[in-house]
Amino acid sequence: MSTNPPDLRPDLAPRAKISNPSRPGQPSIGMVSLGCPKALVDSERILTRLRAEGYGVSPDYAGADAVIVNTCGFLDSAKAESLEAIGEALKENGRVIVTGCLGAEPDYIREHHPRILAVTGPHQYEQVLDAVHAAVPPSPDPFVDLLPAQIGRASCRERV
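Criteria and thresholds
Within any chain, residue numbers begin from 1 and follow the written order of that chain's sequence. This being a predicted model, a pLDDT of at least 70 is required before a residue's local features are given, and a value of 80 or more before pairs of side-chain atoms are given or counted; all residues contribute to the totals for chains, interfaces and linings. To get the side-chain values, all heavy atoms of the structure are used, and hydrogens and water are removed first. Here a helix means four or more residues in a row that DSSP labels H or I, a strand means two or more in a row labelled E, and each is numbered from the N terminus. Exposure classes here rest on a 1.4 Å probe applied to the protein chains alone. A residue is buried below 20% of its type maximum, exposed above 50%, and partly exposed in between. Contacts are residue-level and defined by heavy atoms, with any inter-residue pair within 4.5 Å sufficient. Working definition of accessibility: Shrake-Rupley area with a 1.4 Å probe, residue cover restricted to the visible protein chains. Per residue, pLDDT measures the predictor's confidence, with a range of 0 to 100. Stacked, tilted and edge-to-face are the three classes assigned to paired rings of Phe, Tyr and Trp, where Trp is represented by its six-membered ring and a pair needs centres within 6.5 Å; plane angles under 30 degrees give stacked, over 60 edge-to-face, the rest tilted. By definition here, charges over rings are those cases where NZ of Lys or CZ of Arg is within 6 Å of the ring centre and within 35 degrees of the ring normal. Two strands are said to pair when DSSP picks up at least two bridges between them. Every axis corresponds to a line fitted to the C-alpha atoms, with the helix fit spanning only the stretch in contact, and the corresponding angles, defined between N-to-C directions, vary from 0 to 180 degrees. With the strands pointing away from the viewer, any crossover whose connection runs clockwise from the first strand over the helix to the second is right-handed. We define a salt bridge as a contact between a side-chain nitrogen of Lys or Arg and a carboxyl oxygen of Asp or Glu at a distance within 4 Å.

(A) Highlighting the overall build of the chain. Scanning the chain from N- to C-terminus turns up 5 helices and 5 strands. Along its sequence from the N terminus, the chain presents helices and strands in the succession β-α-β-β-α-β-α-β-α-α. Within the chain, the fraction of its 160 residues that count as buried is 39%. By sequence separation, contacts in the chain at least 24 residues apart represent 65% of the contacts at least 6 residues apart. Total accessible area on the chain stands at roughly 9700 Å², and carbon and sulfur atoms take up 57% of it.

And the structure:
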């Protein structure tokens, strides 16, 4: 018999309800991460930074102000899956930012999905954040968020 509480037991995880409390006016971002473990690490880096800046993370497309699709472009089947994920996000949300390995081919992506907001390549964290900021401006709460509004990336660079 397991001593873990029911909400932490892996066998009950599919039935667990994820609660993501958000504050009024907090912008939220959805994310789909496709591909290798490296892409997952990139996605986690992006989401961590966005959370520190005051963005919420939406568990679905409908509840997000924008969606980031972190793509894979290694095999033709992975490219097809990435294009399908972009199309699904566009259909469900309409505001999509594409990043990842397939992002190294922006013309190819825009040929299939011209309505996307931005395309960045792999490991281009700052460009992804810039695209998010342009699409969904941050609304930080200095009492809750890790990065206060007056300390942005530009001011951090100026100090170096």
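There's more to say after this.
(B) Examining the confidence of the model for the chain more closely. Summarising the model, the chain shows a mean pLDDT of 83, and 76% of its residues fall at 70 or more. Segment residues 151-160 is flagged for pLDDT under 50; beyond a separation of four residues in sequence, or across chains, it makes 10 contacts in the model.

(C) Spotlight on the packing of aromatic side chains. A complete count under the given rule lists 0 aromatic pairs for this structure. Its guanidinium or amino end placed over the ring of Tyr125, Arg45 lies 3.9 Å from that ring's centre, counting from NZ or CZ. The ring centre of Tyr108 lies 5.8 Å from the NZ or CZ of Lys79, which sits over that ring.

(D) The sheet that holds strand β3 (residues 66-71), seen in detail. Taken in spatial order, the 5 strands make up an open sheet running β2-β1-β3-β4-β5, and their pairing is parallel. Only two strands of the sheet have a single partner each, and these edge strands are β2 (56-57) and β5 (118-119). In terms of strand pairing, strand β1 (residues 28-33) meets β2 through 2 bridges, oriented parallel. Note that in β2 the partner of Ser28 across the bridge is Gly56. Along the sheet, helix α2 (residues 76-92) contacts β3 and β4 (96-100); its crossing angle with β3, the most-contacted strand, is approximately 175 degrees. Strands β1, β3, β4 and β5 of the sheet are contacted by helix α4 (residues 125-135), whose axis makes an angle of about 180 degrees with β4.

(E) Main features of the pairing of β4. Most of β4 is tucked away, with 5 of its 5 residues classed as buried. When β3 meets β4, the two strands line up parallel, connected through 5 bridges. Among the inter-strand pairings, Val67 is bridged to a residue of β4, identified as Val96. Each parallel crossover has a hand, and for β3 linked through α2 to β4 it is right-handed. When β4 meets β5, the two strands line up parallel, connected through 2 bridges.

(F) Seen up close, the pattern of salt bridges. Taken as a whole, this structure holds 3 salt bridges when the rule is applied. With a closest N to O distance of 3.5 Å, Arg49 and Glu126 form a salt bridge. With Arg49 in helix α1 (residues 37-52) and Glu126 in helix α4, this pair connects stretches of sequence that are 77 residues apart. Classification of Arg49 by relative accessible area gives partly exposed; the value is 23%. The partner of Glu105 in a salt bridge is Lys79, and the shortest N-O contact between them spans 3.3 Å.

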